[in-house]
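# Chain and residue survey
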Number of protein chains: 2
Amino acid sequence: MTAAFYQNEVKFFVSVDCIILGFNNSELNVLLYKRNFEPLQGQWSLMGGFIKSGESIGEAASRVLTECSGIDNLFMEQVGAYGDVTRDLGERVISVAYYSLVNMNDFNPELLKEHNAEWTKLSEVPDLIFDHNQMITDTLARLKRKAATRPVGFNLLPEKFTLPQLQSLYEAIYQTPLDKRNFRKKLNSMDILEKLDEKDKKSSKRGAFYYMFNKEKYDRLLDQGFYFSL
Amino acid sequence: MTAAFYQNEVKFFVSVDCIILGFNNSELNVLLYKRNFEPLQGQWSLMGGFIKSGESIGEAASRVLTECSGIDNLFMEQVGAYGDVTRDLGERVISVAYYSLVNMNDFNPELLKEHNAEWTKLSEVPDLIFDHNQMITDTLARLKRKAATRPVGFNLLPEKFTLPQLQSLYEAIYQTPLDKRNFRKKLNSMDILEKLDEKDKKSSKRGAFYYMFNKEKYDRLLDQGFYFSL
DNA sequence: GCAAAAGTGTTCAGGCTACACCCATGA
DNA sequence: TCATGGGTGTAGCCTGAACACTTTTGC
């Protein structure tokens, strides 16, 4: 029963490419690295790798993420499969893209160096190999939709964050300025944040209160038919 | 340069599976067929096929669609890649799902018979092979989002359709009843439909006016910053 | 003439947008 | 004391939701 049923069909290399997004200084960043193997050695590329036998697509993506971050269970979601015949210049490779939203501070700088990896502002992404620029474009469109309807943006921030930080994150995602009062009013009305007593004094003299996303509260509200929307 | 760069990596069978949706009698239907080859011969399945060398993923999906419909250029969009290690009982196969929205009347019944294919109401879909039920579930979630923000629903109707038809289509997609007056008001305000003089008298004595979707008008409005929303 | 589906407006509430000033603090 | 970013409330508008009766016509 484990016999070769599909003998007459063709097999393909299948890889995953990870669009790892972070947020810093009011800007979204993506993790890129310089390829250290042919073809196109020395060119900039997304983090990726081939799927191994015995490994699901998601497991492969997860492995790539862990390898370059040292962190398990990062937020991650499939973008889609890319399979143009000539997309890879080496041989034919079908690739499945995943995007991941991470807190840049959690990344070990030495591990990044080891992988030739660098955080790059989205506004300064160079020409990447193959269809990797397209994958980023598709991811950003998806992120806009997703962040508007699900509380995924918090993955891009430290556990404790301020409202000005959160707002500038959403401004970066939507690529549009938001009204401070309206933004805060909306968040307040959702009642999914915990206000701390502590303040962040790094970016202003007065200091801004820290908040935390309360997942338990959010899940409870979901059950009651609540929908996140920002 | 066409040398074997990735010699040490594993290759996989890659297939496409098509979730072909039609609309009839106030119900969404999906095209299923009885597998005529092992493994799981005789079981119900989505329409699908292996990707051939020299063929992109989209081309493979398009080929499968044309093969069973006799129609080119059907509306089609990728749902995602499915790659659990044990998803296929024969051998390991990674599959990319595409959904397609079609006008059931355009399908040649004899061609369907040839392929062992049958239209099945969504409410009556049996247990399918592998993860095909999951693919349908994912497609329906995607369709809800898509149909709300893009005028893709028209692909499920004949070129000429009535407003009661269109409303029942959206009721089927959203799985919820809609208010007749509000629905018509919204459509009217978008100004993307052409009202014909002709009436459809099949479903009532009085008859309902036929309308057509005006793609040119829609595209013009898009340029002016208009967003479809239903 | 009656059954069955098509067609038509108004009202109300809630959410979204626009908008400007005071507060706290470090330098 | 002043420069800098943090924090707060209201009013108008618009959109979405609720809702009931008349029209047409085949039988």
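Each value, and the rule that gives it
Each chain has its residues counted from 1, following the order in which its sequence is written. Here chains are named by letter from A upward and ligands by number from 1 upward, in the order in which they appear as written. Only residues with pLDDT of at least 70 get local features here, since the model is predicted, and only at 80 or more are side-chain atom pairs given and counted; chain-wide, interface and lining totals rely on the full set of residues. With hydrogens and water excluded, all non-hydrogen atoms of the structure serve as input to the side-chain values. Only protein chains enter the calculation, and the probe is 1.4 Å; a residue is then buried if its accessible area is under 20% of its type maximum, exposed if over 50%, and partly exposed in between. Elements are defined by DSSP. Helices are runs of H or I of four residues or more, strands are runs of E of two residues or more, and each kind is numbered from the N terminus. Should DSSP find at least two bridges between two strands, the strands are taken to pair. Only heavy atoms matter for contacts: two residues are in contact if any of them lie within 4.5 Å across the pair. By definition, a salt bridge exists where a carboxyl oxygen of Asp or Glu is found within 4 Å of a side-chain nitrogen of Lys or Arg. Under this definition, polar contacts are N or O atom pairs within 3.5 Å; protein pairs additionally need one hydrogen-donor-capable and one acceptor-capable atom, and for neighbouring residues in sequence, both atoms have to be side-chain atoms. For this scheme, ten residues count as nonpolar: Ala, Val, Leu, Ile, Met, Phe, Trp, Tyr, Cys and Pro. Four count as charged, namely Asp, Glu, Lys and Arg, and the remainder, Gly too, count as polar. Residue count minus one, scaled by 1.5 Å, sets the expected span of a helix. The arc under discussion is defined with respect to the helix axis, by the directions toward the C-beta atoms. UniProt positions are given in the numbering used here, feature names are shortened, and annotations may be inferred rather than shown by experiment. For this description, a residue counts as near a given molecule or strand if any of its non-hydrogen atoms is within 4 Å of it.

Per an unreviewed UniProt entry, the recorded name for chain A is Nudix hydrolase domain-containing protein, and the organism is Parabacteroides gordonii MS-1 = DSM 23371.

Residue and element names in this part refer to chain B. The buried count for strand β5 (residues 93–101) comes to nine of nine residues, which makes it a mostly enclosed element. As defined by bridge partners, strand β1 (residues 11–24) adjoins β5 across nine bridges and the pair is classed as parallel. From the neighbouring strand, cysteine 18 faces β5, where its bridge partner is tyrosine 98. As paired elements, strand β4 (residues 75–82) and β5 share seven bridges and run antiparallel to each other. Its bridge partner lying in β5, tyrosine 82 is registered against serine 95.

Looking now at the interface of chain A and chain B. Opposite the 41 residues of chain A that make contact, chain B presents 41 residues. Across the chain A-chain B interface, the total number found is zero salt bridges. Summed over the shared surface of chain A and chain B, the result is nine residue pairs in polar contact (both at pLDDT 80 or more). Taken together, the residues of the side of chain A that touches chain B sort by class into 22 nonpolar, eight polar and eleven charged.

So, about the pattern of salt bridges. Counted according to the given criterion, the structure contains 24 salt bridges over all chains. With its nearest N and O atoms 2.6 Å apart, the salt bridge here joins B:Glu55 to B:Arg63. Accessibility expressed as a relative area gives 9% for B:Glu55, which makes it buried. One continuous salt-bridge network, built from bridges that share partners, spans A:Asp17, A:Arg87 and A:Asp131.

Now for the sheet that holds strand β9 (residues 208–213) of chain A. With antiparallel pairing, the three strands of this open sheet are ordered in space as β7-β9-β8 (chain A). Each having just a single partner strand, β7 (161–162) and β8 (193–200) of chain A make up the two edges of the open sheet.

Residue and element names in this part refer to chain B. The first and last C-alpha atoms of helix α1 (residues 57–69) sit 18 Å apart over 13 residues, in line with the 18 Å expected at 1.5 Å per residue. Of all the residues in α1, the buried ones are Ile57, Ala60, Ala61, Val64, Leu65, Cys68 and Ser69. Along the axis of α1, the buried residues cluster in a sector spanning 150 degrees; they form a single face. Remark: glycine 70 follows α1 within two positions and exhibits a positive phi of approximately 80 degrees.

Here we come to the UniProt feature "domain: Nudix hydrolase" (unreviewed entry) in chain A. Under the present numbering, the feature "domain: Nudix hydrolase" (unreviewed entry) in UniProt falls on residues 11–142 of chain A. For residues 11–142 of chain A, the end-to-end C-alpha separation is 30 Å, with 23% helix and 39% strand making up the annotated structure.

Now for the sheet that holds strand β7 (residues 161–162) of chain B. All names here are of chain B. An order of β7-β9-β8 is seen for the three strands of this open sheet, with the pairing classed as antiparallel. Bordering the open sheet on either side are β7 and β8 (193–200), each of which pairs with just one other strand. Of the pairings in the sheet, the one linking β8 to strand β9 (residues 208–213) comprises five bridges and is antiparallel in character. Within β9, the position partnered with aspartate 200 by the bridge is alanine 208.

The next point concerns the protein's contact with DNA strand D. Close contacts around DNA strand D come from 19 residues, with A:Lys180, A:Arg184, A:Lys185, A:Arg206 and B:Arg206 the closest. Protein-proximal atoms of DNA strand D, defined as those within 4 Å of the protein, fall in sugar or phosphate at a share of 36%. Between A:Arg184 and DNA strand D, the recorded distance is 2.6 Å, taken from a side-chain N or O atom to a phosphate oxygen. If you list the elements that add at least two residues to the surface near DNA strand D, you get α5 (180–190) and β9 of chain A together with α5 (180–190) of chain B. In terms of residue count, the dominant contributor to the surface near DNA strand D is α5(A) (four residues). Counted by class, the surface near DNA strand D contains three nonpolar, four polar and twelve charged residues.

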